[in-house]
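Notes for the structure review
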Amino acid sequence: MAFAVTLLGQAPQWVTRRPLSETKYFGIGMAPVSDPDHRNIAVANAMLDIASQISVNIESTSFMQTLDVDGRSKELFEEKVQSRMAANISGQELKDSYLSGSHYYVLYELDKRKYEKFIDDQRKRGVELGLDYYAKGKAAEASNDILGAVRLYARGLESIEQYIYLDLQAKYEGRQIDLPTELYNACISAFSGMELVQNVTELNVEAFKPNPDPLAVCLSKGGNVIPNVPMTASFTT
């Protein structure tokens, strides 16, 4: 890869003013040369600079735009998305670097069309992963494996976390769904309607004597016993 390196002298124009282009993103990164890792830090900052421009166009139909949270929570979420985007940017090229007396600067460019292709591939990957976990979770829930279903829904959310700023619409059983929203709601609704069922409502026992009648307690949903749910019991006097 060919690029120019400017040492000291007059700073290139891009150091103080980002180039403008209809077809490319430009990212500028800077780090103090006093830091032993200044080159890597400058590159990381350039990726964040590019990500900040891309994140302005976060899709309006993405799960992120549907969050009902306070401003600070959404701000933190956007920062997390931006950091993840910066880490996942692909196809960027180093165009120039500049070393002043105290700071190191880099200029990167990213072709918008190539990035759009990359994002489209990422979207397809996110839908594929999320839909697989969603379908498996639904099957587990239908067989009353509630804990297994919740684990699958949670893994589905984890698998699409890095794509959360994209429109992750998918078809499931003939209907259009938003995968992040469906996975999130499925995690919550899986526990709705549960109740504890016991074989007796009252016990009359004497101290230091065994209870002649066994006590059985189970977790039920819709009249069906939910298996493999650990429970604890305690008795008070």
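Everything in this summary refers to the structure shown in the same document. (Residues numbered from 1 in each chain as written. Predicted model: local features only at pLDDT ≥ 70, side-chain atom pairs only at ≥ 80, totals over all residues. Heavy atoms only, no water.)

If you tally the helices and strands in the protein chain, you get five helices and nine strands. The linear arrangement of helices and strands in the protein chain, starting from the amino end, is β-β-α-α-β-β-α-α-β-β-α-β-β-β. A sequence separation of at least 24 residues applies to 66% of the contacts in the protein chain between residues at least 6 apart. Total accessible area on the protein chain stands at roughly 14,800 Å², and carbon and sulfur atoms take up 52% of it. (Helix = DSSP H or I, 4+ residues; strand = E, 2+ residues; numbered from the N terminus. Contact = heavy atoms within 4.5 Å. Areas by Shrake-Rupley, 256 points an atom, 1.4 Å probe, with all protein chains shown as cover.)

Further remarks concern the packing of helix H4 (residues 146–159) against helix H5 (residues 179–189). Helix packing for two helices is described by the angle between their axes and how far apart those axes are. In contact at an axis separation of 9 Å, H4 and H5 are set at 150° when each is read in the N-to-C sense. Classed by the angle they form, the pair H4 and H5 counts as roughly antiparallel. In terms of crossing hand, the pair formed by H4 and H5 is left-handed. Between H4 and H5, the residues in contact are Val150, Tyr153, Ala154, Gly156 and Leu157 and Pro180, Leu183, Tyr184, Ala186 and Cys187, respectively. When its residues are assigned to classes, the contact of H4 with H5 shows nine nonpolar, one polar and no charged. (Axes fitted to C-alpha atoms, helices over the stretch in contact; angles between N-to-C directions. Parallel < 35°, antiparallel > 145°, perpendicular 65-115°, else oblique. Left-handed = near helix turned anticlockwise from the far one by under 90°. Nonpolar A, V, L, I, M, F, W, Y, C, P; charged D, E, K, R; others polar.)

So, about the pattern of salt bridges. What the rule picks out here adds up to nine salt bridges. Ionic pairing is found between aspartate 49 and arginine 18, a salt bridge with its closest N-O pair at 2.5 Å. Here arginine 18 lies in the loop between strand E1 (4–7) and strand E2 (24–32) and aspartate 49 lies in helix H1 (residues 38–54), a separation of 31 residues in the sequence. Linking glutamate 182 and arginine 175 is a salt bridge whose minimum nitrogen-to-oxygen distance equals 3.8 Å. Here arginine 175 falls in the partly exposed class, since its relative accessible area comes to 39%. (Salt bridge = Lys/Arg side-chain N within 4 Å of Asp/Glu carboxyl O. Buried < 20%, exposed > 50% of the residue type's maximum accessible area, 1.4 Å probe, protein only.)

Once that is clear, we can look at the sheet that holds strand E7 (residues 194–198). In spatial order, the strands read E7-E8-E9; together these three strands make up an open sheet with antiparallel pairing. Each end of this open sheet is capped by a strand with a single partner; those strands are E7 and strand E9 (224–225). Strand direction decides the pairing type here: strand E8 (residues 217–221) and E9, joined by two bridges, are antiparallel. For lysine 221, the partnering residue across the bridge sits in E9 and is asparagine 224. (Pairing = 2+ DSSP bridges.)

With that settled, the discussion passes to the nonpolar core. In this structure, Ile50, Tyr115 and Tyr134 are the most contacted members of the largest nonpolar core, which totals 38 residues. For this core, the elements supplying multiple residues, two or more each, are E2, H1, helix H2 (71–88), strand E4 (103–111), helix H3 (112–142), H4, strand E5 (169–172) and H5. Per element, the largest residue contribution to this core is seven residues, and it comes from H3. Excluding anything up to four places from it in sequence, tyrosine 134 contacts Tyr153, Tyr172, Arg175, Ile177, Leu179, Glu182, Leu183 and Ala186. Counting seven residues, the second-largest nonpolar core is a separate cluster that includes Trp14, Val15, Ile28 and Tyr105. (Core = buried A, V, L, I, M, F, W, Y, C linked by side-chain atoms within 4.5 Å.)

What follows deals with the pairing of E5. Of the two faces of E5, the one lined by Ala170 and Tyr172 is fully buried and the one lined by Gln169 and Lys171 carries no buried residue. Bridging between E5 and strand E6 (residues 175–178) involves four bridges; their strand directions are antiparallel. Residue pairing in the sheet places tyrosine 172 in a bridge with arginine 175 of E6. Taking the residues between adjacent antiparallel strands as the criterion, E5 and E6 are bridged by two residues, where glutamate 173 takes a positive phi near 50°.

This paragraph deals with unusual backbone geometry. The phi dihedral of asparagine 144 is positive, around 70°, even though this residue is not glycine. Relative to the helices and strands, asparagine 144 is located in the loop between H3 and H4. In this structure, glutamate 173 is a non-glycine residue whose phi angle is positive, near 50°.

In this section: the packing of H3 against H4. Packing of H3 against H4 brings their axes to within 8 Å, and their N-to-C directions diverge by 170°. Taken together, the axis directions place H3 and H4 in an arrangement best described as roughly antiparallel. Contacts between H3 and H4 involve Leu129, Gly130, Tyr133, Tyr134, Lys136, Gly137, Lys138, Ala140 and Glu141 from the first element and Ile146, Gly148, Ala149, Leu152, Tyr153, Arg155, Gly156 and Ser159 from the second.

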